[in-house]
Amino acid sequence: MISKLRADASEAIADVGDGATVMIGGFGAAGQPVELIDALIAQGASDLTIVSNNAGNGDTGIAALITAGRVRRVVCSFPRQADSHAFDAAYRAGEVELELVPQGNLAERIRAAGAGIGAFFTPTGVGTTVSEGKEARTIDGRDYILEYPLRADVALISAYRADRWGNLVYRRTARNFGPLMAAAARTTVVQVDEVVELGALDPEAVVTPGIFVDRVVEVGERPWLRAGEFVGAPA
Amino acid sequence: MISKLRADASEAIADVGDGATVMIGGFGAAGQPVELIDALIAQGASDLTIVSNNAGNGDTGIAALITAGRVRRVVCSFPRQADSHAFDAAYRAGEVELELVPQGNLAERIRAAGAGIGAFFTPTGVGTTVSEGKEARTIDGRDYILEYPLRADVALISAYRADRWGNLVYRRTARNFGPLMAAAARTTVVQVDEVVELGALDPEAVVTPGIFVDRVVEVGERPWLRAGEFVGAPA
Amino acid sequence: MSGLDPSAPNPSAPNRGALDRRALAARIAQDIPEGAIVNLGIGAPTLIADALPAGLEVILHTENGMLGMGPAPEPGLVDPDLMNAGKQPVTELPGASYFHHADSFGMMRGGHLDICVLGAFQVSERGDLANWHTGAPGAIPAVGGAMDLAIGAKSVWVMTDLLTRDGASKLVAACTYPLTGVACVSRVYTDRAVFDVIADGFAVSELFGDTTLDELQELTGLWLRDATGSDETEGMRS
Amino acid sequence: MSGLDPSAPNPSAPNRGALDRRALAARIAQDIPEGAIVNLGIGAPTLIADALPAGLEVILHTENGMLGMGPAPEPGLVDPDLMNAGKQPVTELPGASYFHHADSFGMMRGGHLDICVLGAFQVSERGDLANWHTGAPGAIPAVGGAMDLAIGAKSVWVMTDLLTRDGASKLVAACTYPLTGVACVSRVYTDRAVFDVIADGFAVSELFGDTTLDELQELTGLWLRDATGSDETEGMRS
C-alpha cells in the first residue's frame, strides 16, 4: 500500500542537507509551510539556498531561518517589505546573497524545471537591470530574454487536504507557488490541514497529483486560522 | 452584465474567415466539439489550418471538414488511425499539408502561445526527423531543440459546464487540450453540456477561467453520451 | 511599489481643483468598461475598485492567483488564505476562480488582461515605466510582479501625482530610475491632467481644475500636444 | 505504434518455451514495484496492467490526462469521456486525478514517471528506439506521445518479440527505421530473453525456455554479454 504520510514535520524534513536548495511555498502568509520551516530550523541544516516569493516577514518562518544564520542565498521576487527586517539586516551585513527575479519569471522558471523545459524566452524584464547579461532575442517582432529552470533539492509547501497518495487541494490564494514547486524539487514535503481517505478528493479538482509529492504531514488546522487573526493589514 | 452565452453554434462561429487557423480540442472523441465543427462545415469557411491532436476519425468532425475540402493544412501529432480515411485520402492526393508535432511539443507550443512565451527548449524529438532544421542546444548536459508557440485565430473546444463569465469545468479525459487551446486563440468558442448560474461552479475546481473564453454555446447532453455508445473499441 | 500612499496628503499639489486620490480613482473608473479584466497595482490604484459603479461587472485579477476578487471583508470574516497582491484581506465574488502562479502570470504575459493600473516613480515620453526601485545605493530591490504587469496587460495605465514631493515631474523625457518596462505605458492619470503616450511624446487629453497646458509644460519641462478638444484618445469607451 | 498486436500469434517464434505475450506481460509486471508510476504504451504493453498482482498499488498514467487509471469498464458502464491513449474505454480508481495535456506531458518530460513500457520496431545497442514510423515511402507518419515517453520516463522498457515476422532481429547495432528517441531504452523484454542496455551493448540477464546465449547471438548478429548469473541488472526490485 502506498502511503506518503509521515508522523511529523521533523521526520519529514530529517534528511535536508547542508548546502541544499530549498523551495518554500507561500505568498506572504498564505500557503507558507510554517510547521515545516520550524522543523527545518530545529533540524539545523545550514548554507541553504532558499527559493521563495518573499524573504520572510516578522520573526517567524523564513525570517527565523535567516536570523538563525542558515541561509546563504535567497532567490525571490519581493524581499523588501514593511516587516522584512531579518532579511534586510542579513543582506546589508553581506551574510545573504540575493538573486532578484521578477515574479512571473520566478514562477515560470520553477514550472520549467518541473516540466523538463531546458530554457525559455520571456518578455518580462527586457530593457531592465534584471536582463543584464542574459541572452536576448527578437521573435516575431517582440523582444525576449532567455531564462533557465530553477530546480530544488527539497520543496516545502502547504496545502489544505491530501490523501495517502499525495494528491493535494489548496485553499484560495494559498495555492500560489505550491503546485509549481512540488514538481520542481527532487523531494517534495507537504504540510496539510487534513488527510482524507483515498478517493475522498474529487479527481476533477485535484490540483497537485500525487506524482509530485513525496511526503505528507498532517498539522491540523493552521494556528492563524484558529486565531481568526490575519498577519497582514487589518480588515 | 457580462454574458458570453450565444444562442447556437452557428452564431458562435459565424465570423470564422477563410484562411483562419482553427484549434480543435479533443483526443479521439473525448472533448471533440462536434456541434461547433458541424456549424463550421455549414458556415463554409475554407483554406483552414487545423491544429488538433488527431486528423479526424470516421466521417464526422474533422474528417467531415477535410472531406468537404475546407482544410489546407493540419498540425497534429497522430493523423494516422484505423479510421482516418478522410485525412489519408486528402493527404495522399496532395490536398492537405501535414505538420507532424510530437504530442508533448504540440501541447507545450499551444501552452506557450497562451502564456506569452516566445520559444522554449524541449528534449522531445532530439535526434529524430522531427528535429530537422530546428535550432539545437545542449543545456546542463541535456540536448534540446527550440520550439515556437502555436497560436490560432479561433479555438473550438468542448467542456462539461460553464457559467456566463465563461468559467469552465471538463469531464475526465475530455479535458485534454481544451484549457491550452482556450488560452492560445484570439477567439475561443466553447460548447458545453450545461450552462449553470454564476457562482455555481466551485472556484477551486474551475479549470479554465473565463478570461480565456469568448463565447459559450449550450448544446445539451452530448449525443454519444445519450446513446451510451462508445466510438472506440467496445468494452 | 508606487511610492504613492493612498491616505497621505500631497503637499506639492496646490489646491486649485487638482483631483485628490479618490476623485482620481473615480475618474479612472469611468474609463473601465463592463467586462474588462483588470489588475490594480498595490497602493493608490486599489482605490479604483471602490469607485466602480455598483452593478457594473468588472473582473479583478490579483497576481497571487485569483480572478473575481471582491472588496475587503467585513470585520471578523477575514480569511488568511484569501489576500490580494498587497497582502491585504479580500473576498471572493460569484464567478471567481483560483489558479497557481504560473497560470496567473501566463495571463499577464500572454496578453489576457485588458487593463492594469500601476503607480509610478517616472514615465517617459516613449512610455517607459519606472516604478520598482529608486536605484539608491543600499536600497534593497524588490520587483514582485511589476515587470510582468508592465509588459503584459493590453493597456497599461499609470495613476500618480504629476509631481514628486520635491516638486519634480514624474513625466520625463527619459527615465533616470531603473526601468520596470520599456514603451509599455499608454496613459497616465495624474492629479492635474490625463496624458496619453503618443508617437512623439505626451498628449494632454483632459485638464483638472484650473490647470492649463502651458503650466503643465512648465512643470514637466516637456512639449505636450493639446488633445483636450480631440476625441482621438485611447479610452476604451471611445 | 508497436507493430505488436496483443492478440496475434507470432509465427516466427518456435514453440520451445519462448514466452507468449501474456506470459511476457506477467514477467514484466514482476519488475514493477509498489508505488511505481507507470505508463503502458499502446498495444501489447497494456497487457501488463492485468498481470499486476491484485492489491499491489501501481499508479497508471495515461498521456491523455489521467493518473490512477483502472481497467476496462464492465459492459454498459462505458464513459465516452474516459479513455486511454489507445482510445479504449477505461475506468477511474480511488486516488485518480485529471489534468490537461501540458501538465500530462510535463510529467513525462520532467522525469516524473518511474517506468514506461513501449513497443518497438528496433532497439539499438546504445538504447536508441525506433517505434513510430517505418519510413516506408507513402506511409503517413503518426508519432503521438511516443517521443515524449521515450525521453521522459526514468526507466524506458521495451516489450517486443525478438524477431519480426520476417525473422529479422529487432535488436540491432544501429536502427535503420526513423528514431523515436536516442539512447533512451534501458531494458528490452522479448519472448526469448531479457536484455539490458549497458555501456558496450546488450547484456542478457534472463533466458526464457531453452533459448541459449549462442542462439541469441546468432539471431541478432550482435555480441551479447552474459549477465544471466549476475545480479547487476537494472531491475527496480534489485
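Just so it is clear, the structure is predicted and the values come from calculations on it, not from any experiment. (Residues numbered from 1 in each chain as written. Chains lettered and ligands numbered in written order. Predicted model: local features only at pLDDT ≥ 70, side-chain atom pairs only at ≥ 80, totals over all residues. Heavy atoms only, no water.)

**Q** What is the right way to look at the overall build of chain C in this model?
**A** Across its full length, chain C holds five helices and 13 strands. Going through the 238 residues of chain C one by one, you find that 61% of them count as buried. Partitioning the contacts of chain C with sequence separation of at least 6, the portion at a separation of at least 24 is 63%. (Helix = DSSP H or I, 4+ residues; strand = E, 2+ residues; numbered from the N terminus. Buried < 20%, exposed > 50% of the residue type's maximum accessible area, 1.4 Å probe, protein only. Contact = heavy atoms within 4.5 Å.)

**Q** Help me understand the sheet that holds strand β10 (residues 187–189) of chain C in this model?
**A** Pairing between the strands of a sheet comes from backbone hydrogen bonds, and it takes one of two forms, parallel or antiparallel. All names here are of chain C. In spatial order, the strands read β4-β3-β2-β1-β5-β8-β10-β11-β12-β13; together these ten strands make up an open sheet with mixed pairing. Edge positions in the sheet fall to β4 (91–98) and β13 (224–226), since each has one partner strand and no second. Each strand of the sheet is rotated relative to its neighbour by a mean of 30°, with strand direction disregarded. With four bridges connecting them, strand β5 (residues 115–118) and strand β8 (residues 155–159) associate as parallel partners. By the bridge assignment, Val117 is partnered in β8 with Trp157. The strands that helix α1 (residues 21–30) touches are β5, β8, β10 and β12 (201–207); relative to β8, the one it contacts most, it runs at about 160°. Packed on one face of the sheet, helix α5 (residues 213–220) meets β11 (193–198), β12 and β13 and runs near 170° to β13. (Pairing = 2+ DSSP bridges. Axes fitted to C-alpha atoms, helices over the stretch in contact; angles between N-to-C directions.)

**Q** Where do I start with the interface of chain D and chain B in this structure?
**A** Often, the extent of an interface is quoted as the loss of accessible area on bringing the components together. On the side of chain B, 51 residues touch chain D, which itself brings 40 residues to the contact. Contact between chain D and chain B buries roughly 3,900 Å² in total, counting both sides, with carbon and sulfur atoms accounting for 63%. The largest per-residue losses of area from chain D upon contact with chain B belong to Asp81, Lys87 and Ile140 of chain D, which jointly make up 21% of the total buried on that side. Notably, a salt bridge pairs Arg172 of chain B with Glu92 of chain D, separated by 3.1 Å at the nearest N-O pair. Scanning the region where chain D abuts chain B turns up 22 residue pairs in polar contact (both at pLDDT 80 or more). Here the side of chain D that touches chain B is composed, by residue class, of 23 nonpolar, ten polar and seven charged. (Buried area = accessible area lost by both parts, 1.4 Å probe. Salt bridge = Lys/Arg side-chain N within 4 Å of Asp/Glu carboxyl O. Polar contact = N/O pair within 3.5 Å; in protein donor to acceptor, adjacent residues only side chain to side chain. Nonpolar A, V, L, I, M, F, W, Y, C, P; charged D, E, K, R; others polar.)

**Q** Just checking my understanding: could you explain the nonpolar core for this structure?
**A** Considering soluble globular proteins, one finds that nonpolar side chains tend to be buried as a cluster. Grouped together as the largest cluster of nonpolar side chains are 66 residues, with contacts concentrated most on Ile110 of chain A together with Phe195 of chain D. Each residue touching Ile110 of chain A, except ones within four places of it in the same chain, is listed here: Met23, Val51, Leu150, Phe177, Leu180, Met181 and Ala184 of chain A. By size, the runner-up hydrophobic cluster in this structure holds 64 residues, among which are Phe212 of chain B together with Met108, Cys184 and Val185 of chain C. (Core = buried A, V, L, I, M, F, W, Y, C linked by side-chain atoms within 4.5 Å.)

**Q** Explanation requested: the packing of helix α5 (residues 103–115) of chain B against helix α3 (residues 101–109) of chain D in the structure shown.
**A** Two numbers describe a pair of packed helices, the interaxial angle and the distance between the axes. Packing of α5 of chain B against α3 of chain D leaves a shortest axis separation of 9 Å and a crossing angle of 125°. Put simply, α5 of chain B runs oblique to α3 of chain D. Crossing hand, α5 of chain B versus α3 of chain D: left-handed. Every residue of α3 of chain D that contacts α5 of chain B at Gln103, Gly104, Asn105, Ala107, Glu108 and Arg111 of chain B is listed here: His101, Ala102, Phe105 and Arg109 of chain D. (Parallel < 35°, antiparallel > 145°, perpendicular 65-115°, else oblique. Left-handed = near helix turned anticlockwise from the far one by under 90°.)

**Q** In this structure, what is going on with the interface of chain C and chain A? I would like to understand it.
**A** Listed by partner, the interface residues are 39 residues for chain C and 51 residues for chain A. Carbon and sulfur atoms make up 63% of the area that chain C and chain A hide from each other, which totals about 3,900 Å². Summed over the shared surface of chain C and chain A, the result is five salt bridges. Between Asp81 of chain C and Arg171 of chain A there is a salt bridge whose closest N-O contact spans 2.7 Å. For the pair chain C and chain A, the interface holds 22 residue pairs in polar contact (both at pLDDT 80 or more). Elements that contribute at least two residues to the side of chain C that touches chain A include exactly β4, α3 (101–109) and α4 (146–152) of chain C. The dominant element in the side of chain C that touches chain A, judged by the number of residues it contributes, is α3 of chain C, at four residues. Tallied by class, the residues present in the side of chain C that touches chain A amount to 22 nonpolar, ten polar and seven charged.

**Q** Please explain the environment of Arg175 of chain A as it appears in this structure.
**A** Considering the arrangement of structural elements, one finds Arg175 of chain A in the loop between β10 (168–169) and α6 (178–184). Taking the C-alpha atoms as reference points, Arg175 of chain A and Thr208 of chain A, 33 residues apart in sequence, are found 9.9 Å from one another. The contact partners of Arg175 of chain A, leaving out residues within four places of it in the chain, are Tyr170 and Val207 of chain A, Glu204 of chain B together with Tyr98, Phe99 and His100 of chain C.

**Q** Hey, could you run me through the environment of Val185 of chain D in this one?
**A** Residues and elements named next belong to chain D. With respect to the secondary-structure elements, Val185 resides in the loop between β9 (171–172) and β10 (187–190). For the pair Val185 and Cys116, spaced 69 residues apart in the sequence, the C-alpha separation amounts to 9.8 Å. Leave out the neighbours within four places in its chain, and Val185 touches Val123, Gly127, Leu129, Val156, Val158 and Val197.

**Q** What is the right way to read the sheet that holds strand β6 (residues 122–124) of chain C from this model?
**A** All names here are of chain C. A sheet is described by the order of its strands in space; here three strands give the open sequence β7-β6-β9, paired in mixed fashion. The two strands at the open ends of the sheet, each matched to only one other strand, are β7 (129–130) and β9 (171–172). Note: β6 against β9, two bridges, orientation parallel. By the bridge assignment, Ser124 is partnered in β9 with Val172.

**Q** Please explain the packing of aromatic side chains as it appears in this structure.
**A** Two descriptors summarise a pair of aromatic rings, namely the distance from one centre to the other and the angle between the planes of the rings. Under the definition given, this model contains eight aromatic pairs over all chains. On the basis of an interplanar angle of 20° and a centroid distance of 5.4 Å, the ring pair of Phe87 of chain B and Tyr91 of chain B is categorised as stacked. One end of the pair is Phe87 of chain B and the other is Tyr91 of chain B, both in helix α4 (residues 85–92) and four residues apart, which spans about a single turn. Considering the side-chain rings of Phe195 of chain C and Phe202 of chain C, the 6.1 Å spacing of their centres and the 75° angle between planes classify their relative orientation as edge-to-face. (Phe/Tyr/Trp six-rings, centres within 6.5 Å; stacked < 30°, edge-to-face > 60°.)

**Q** Hey, could you run me through the environment of Asp153 of chain B in this one?
**A** Residue and element names in this part refer to chain B. As for its placement among the helices and strands, Asp153 is situated in strand β9 (residues 152–162). C-alpha of Asp153 to C-alpha of Val16: the two residues are 137 residues apart in sequence and 8.2 Å apart in space. In contact with Asp153, other than residues within four places in its own chain, are Ala20, Thr21, Ala185, Arg186 and Thr187. From its side chain, Asp153 meets the backbone nitrogen of Thr21 in a polar contact 2.8 Å long.

**Q** Explain unusual backbone geometry here, please?
**A** Generally, phi is negative for residues other than glycine and the peptide bonds are trans, each holding for most cases. Phi angles above zero are rare outside glycine, and Asp47 of chain A is one such case at about 60°. With respect to the helices, strands and loops of the structure, Asp47 of chain A is situated in the loop between α2 (34–43) and β3 (48–51). The residue Ala183 of chain C is not glycine, and still its phi comes out positive at about 50°. Considering the arrangement of structural elements, one finds Ala183 of chain C in the loop between β9 and β10.

**Q** Help me understand the pairing of strand β5 (residues 97–100) of chain B, please; the structure alone is not making it clear to me.
**A** Taken residue by residue, a regular strand's side chains alternate between the two faces of the sheet. All names here are of chain B. Where strand β4 (residues 71–76) and β5 come together, four bridges link them in parallel fashion. Bridged to Cys76 within β5 is Leu100. Crossover connection from β4 via α4 to parallel β5: handedness right-handed. (Right-handed = clockwise from strand over helix to strand, strands pointing away.)

**Q** Just checking my understanding: could you explain the pairing of β5 of chain C for this structure?
**A** Residue and element names in this part refer to chain C. In β5, alternate side chains face the same way, and those of Ile115 and Val117 on one face and Cys116 and Leu118 on the other are all buried. The pairing of strand β1 (residues 37–40) with β5 spans three bridges and is parallel. Note that in β5 the partner of Leu40 across the bridge is Val117.

**Q** Would you explain the side chain of Thr49 of chain A in this entry?
**A** Residues and elements named next belong to chain A. Within the element layout of this structure, Thr49 appears in strand β3. Separated by 3.4 Å, the side chains of Thr49 and Arg72 make a polar contact. Residues within four places of Thr49 in sequence aside, it is in contact with Ala20, Thr21, Val22, Arg72, Arg73 and Val75.

**Q** I'm lost on the side chain of Gln191 of chain B in this one. Help?
**A** Residues and elements named next belong to chain B. Mapped onto the secondary structure, Gln191 falls in strand β11 (residues 185–195). A polar contact of 3.4 Å, which involves the side chain of Gln191, links it to the backbone nitrogen of Val34. At a separation of 3.1 Å, a polar atom in the side chain of Gln191 contacts the main-chain amide nitrogen of Leu36. Apart from residues no more than four positions distant in its own chain, Gln191 is found in contact with Gln32, Pro33, Val34, Glu35, Leu36, Ile157, Ser158, Ala159, Val217, Val219 and Arg222.

**Q** Explain the confidence of the model for chain C here, please?
**A** Any segment with low pLDDT has predicted coordinates that should not be analysed in fine detail. Residue and element names in this part refer to chain C. Model confidence for chain C is summarised by a mean pLDDT of 90, while 90% of its residues fall at 70 or above. For the stretch residues 1–9, pLDDT sits under 50, and the model shows 28 contacts to residues farther than four places along the chain or on other chains. Across residues 232–238, where pLDDT falls below 50, the model places 19 contacts with residues more than four positions away in sequence or in other chains. The ipTM value of the predicted complex is 0.94, and its pTM value is 0.94. (pLDDT = per-residue confidence, 0-100.)

**Q** Just to check I follow, could you spell out the pattern of salt bridges for this structure?
**A** If charged atoms from side chains of opposite charge come close, those side chains can pair. Tallied over the entire structure, the rule returns 58 salt bridges over all chains. Arg164 of chain B is the salt-bridge partner of Glu57 of chain C, the closest N and O atoms lying 2.8 Å from each other. Placement of Glu57 of chain C in the loop between α2 (47–51) and β2 (59–62) and of Arg164 of chain B in the loop between β9 and β10 (168–169) is noted, with the two residues assigned to different chains. Here Glu57 of chain C matches Arg164 of chain B in class, with each residue buried. Note that Arg187 of chain C is salt-bridged to Asp196 of chain C, the shortest N-O span being 2.8 Å. Note on accessibility: Arg187 of chain C and Asp196 of chain C belong to one class, buried. What emerges from the salt-bridge pattern is a single network uniting Arg73, Glu97, Glu99, Arg109, Lys134 and Glu147 of chain A.

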